[in-house]
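Overview (structure and organization)
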Amino acid sequence: MVANGVAVLSALADPTRRAIFEALPQGPRSVGELAAAVGVTSSAASQHLKVLREARLVMVQPEGNRRLYCLDPRGLADARDYLEQFWPSAIAAYSAALSSARADIAET
């Protein structure tokens, strides 16, 4: 899903959202825990989590009266799929640069 790959990159471009996202690999955490971890209010953390949910980077797990957030692998798969489309041209450009550098060395 190319469109969501762009949404993932856009969501992670914000440093606070990225910090929240990076706080989740250790396991599910509540809004309050995430807010404290990144130094924002719970309200601000909730707004950032909404963007991360829409990009499919986090999902919510209800646990009693709390809502715990954890990583959603679908968003990372979308980002990977988006970025993989550029590998063939990146590898070709790298190969061309390497060939050019070799030719320059051979001329000296």
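In case you missed it, the structure is sitting above this.
Calculation rules
- Residues numbered from 1 in each chain as written.
- Predicted model: local features only at pLDDT ≥ 70, side-chain atom pairs only at ≥ 80, totals over all residues.
- Heavy atoms only, no water.
- Patch = residues over 30% accessible without salt bridge, like charges linked within 9 Å, V, L, I, M, F, W, Y side chains within 5 Å.
- Areas by Shrake-Rupley, 256 points an atom, 1.4 Å probe, with all protein chains shown as cover.
- Salt bridge = Lys/Arg side-chain N within 4 Å of Asp/Glu carboxyl O.
- Helix = DSSP H or I, 4+ residues; strand = E, 2+ residues; numbered from the N terminus.
- Buried < 20%, exposed > 50% of the residue type's maximum accessible area, 1.4 Å probe, protein only.
- Pairing = 2+ DSSP bridges.

**Details of a nonpolar patch on the surface**
Residues Leu-9, Leu-83 and Phe-86 make up a contiguous nonpolar surface patch of about 250 Å² in total accessible area. With respect to the element layout, Phe-86 can be found in the loop between helix H5 (73-84) and helix H6 (87-107).

**Concerning the pattern of salt bridges**
A side chain with one charge may pair with a side chain of the opposite charge, provided their charged atoms come close. Counted under the stated rule, the structure contains five salt bridges. With a closest N to O distance of 2.8 Å, Arg-56 and Asp-78 form a salt bridge. Here Arg-56 is found in the loop between helix H4 (42-54) and strand S2 (58-63), whereas its partner Asp-78 is found in helix H5, with 22 residues between them in sequence. Residue class for Arg-56 comes out partly exposed when judged on its relative accessible area of 23%. Here Asp-78 falls in the buried class, since its relative accessible area comes to 5%. Linked through salt bridges whose partners overlap, the residues forming this network are Arg-80, Asp-81 and Glu-84.

**Considerations on the environment of Asp-104**
Tracing the chain through its elements places Asp-104 in helix H6. It is 53 Å that separates the C-alpha atoms of Asp-104 and Val-40, two residues lying 64 residues apart in sequence.

**Some thoughts on the pairing of S2**
Strand direction decides the pairing type here: S2 and strand S3 (residues 66-71), joined by six bridges, are antiparallel. Its bridge partner being in S3, Met-59 is matched across the sheet by Cys-70. Counting the residues that bridge the hairpin from S2 to S3 gives two residues, and of these Gly-64 lies at a positive phi of roughly 65 degrees.

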